[in-house]
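Descriptive structure summary
Here is how the chains run, residue by residue.
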Amino acid sequence: MNKEWDTLIVGGGCFWCVDAVFRSLDGVISVEPGYAGGRTEHPTYEEICQGDSGHIEVVRITFDASRIGLEPLLEVFFAAHDPASRDRQGNDVGEQYRSVVFYASEAQREAALAVRDRLQAEGLTGGAPIVTEILPAPVFWPAEAEHDDYFARHPWQGYCQVVIAPKVSAMRKKFARLQRSE
């Protein structure tokens, strides 16, 4: 791995949505959907969907820290989902959809806390408390291959059209300065 590259693991609802939001950012090298924080090894999507494994749908973002900083990535993360909603994002309900930043270093923990607190003070959630958990990074279990870059591979699927496409469009507008030039 390049010495300028770093990783960040976040969960903010369905990993198909979170994956799609981060892929277009300049400096993001890769986005990998997976599972973290649960009680079993090598979980499957089916086990996660049952909602009793303790795992969260997450993405592991590898990024070039010389091109995009941790704080802008965290700002995108907090804006791309409802960080004031516990165990729910839209119609997706269950602990597997909770909002979380898994930090790999003290610097990541401090950055996550600072961005969360700043956005709370700025009124990101209209005064509702941000409930995003900020926890040490556990084992990351990669999701099955069919979940990788799901939105790009299934743009006409109903969930992609109704849920993911509007979210991606809104995030690309809001964070236009961070988008990769094509």
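This text goes with the structure placed above it.
As the structure is a computational prediction, the values presented were derived from the model and not from experiment.

Quick notes on the pairing of strand β3 (residues 56-64)
Burial within β3 is extensive, with eight of its nine residues counted as buried. Pairing of strand β1 (residues 5-12) with β3 involves six bridges; the strand directions are antiparallel. Bridge pairing in β3 links aspartate 6 to phenylalanine 63. One ladder, built from eight bridges, connects strand β2 (residues 28-36) with β3; its direction is antiparallel. Residue pairing in the sheet places glycine 34 in a bridge with valine 58 of β3.

Examining the nonpolar core
Val10 and Phe22 are the most contacted members of the largest nonpolar core, which has 45 residues in total. When near neighbours in sequence (up to four residues on either side) are disregarded, phenylalanine 22 contacts Val10, Val28, Val31, Ile61, Leu73, Val76 and Phe77. If you look at the next biggest cluster of nonpolar residues, it comprises seven residues, including Val58, Val100, Phe102 and Phe140.

Some points on the side chain of glutamine 96
Within the secondary structure layout, glutamine 96 lies in the loop between β5 (92-93) and β6 (99-103). Excluding residues that lie within four positions of it along the chain, glutamine 96 makes contacts with Ile48, Cys49, Gly51, His55, Ile56 and Glu57.

Considerations on unusual backbone geometry
One non-glycine residue, histidine 42, lies in the positive phi region at around 50 degrees. Among the secondary structure elements, histidine 42 is positioned in the loop between β2 and α2 (45-50). Although it is not a glycine, aspartate 149 adopts a positive phi angle of roughly 50 degrees. Note on placement: aspartate 149 falls in the loop between β8 (140-142) and α5 (150-153). Aspartate 149 sits in the partly exposed class, given a relative accessible area of 23%.

Side note on the packing of aromatic side chains
Taken as a whole and judged by the stated rule, the model has six aromatic pairs. With 5.7 Å between their ring centres and 40 degrees between their planes, phenylalanine 15 and tyrosine 35 make a pair best called tilted. Taken together, the residues phenylalanine 15 in helix α1 (residues 15-23) and tyrosine 35 in strand β2 connect sequence positions 20 residues apart. Each member of the pair phenylalanine 15 and tyrosine 35 is classed as buried. Look at phenylalanine 77 and phenylalanine 78: their rings are 5.1 Å apart centre to centre, the planes differ by 65 degrees, and that puts the pair in the edge-to-face class. An aromatic cluster is defined as three or more aromatic residues linked by ring pairs; in this entry it consists of Phe15, Trp16, Tyr35, Tyr45, Tyr150 and Tyr159.

Here is what the cut-offs are and how they apply
- Residues numbered from 1 in each chain as written.
- Predicted model: local features only at pLDDT ≥ 70, side-chain atom pairs only at ≥ 80, totals over all residues.
- Heavy atoms only, no water.
- Buried < 20%, exposed > 50% of the residue type's maximum accessible area, 1.4 Å probe, protein only.
- Helix = DSSP H or I, 4+ residues; strand = E, 2+ residues; numbered from the N terminus.
- Pairing = 2+ DSSP bridges.
- Core = buried A, V, L, I, M, F, W, Y, C linked by side-chain atoms within 4.5 Å.
- Contact = heavy atoms within 4.5 Å.
- Phe/Tyr/Trp six-rings, centres within 6.5 Å; stacked < 30°, edge-to-face > 60°.

Take it as geometry only, folks, not as evidence of what the structure does.
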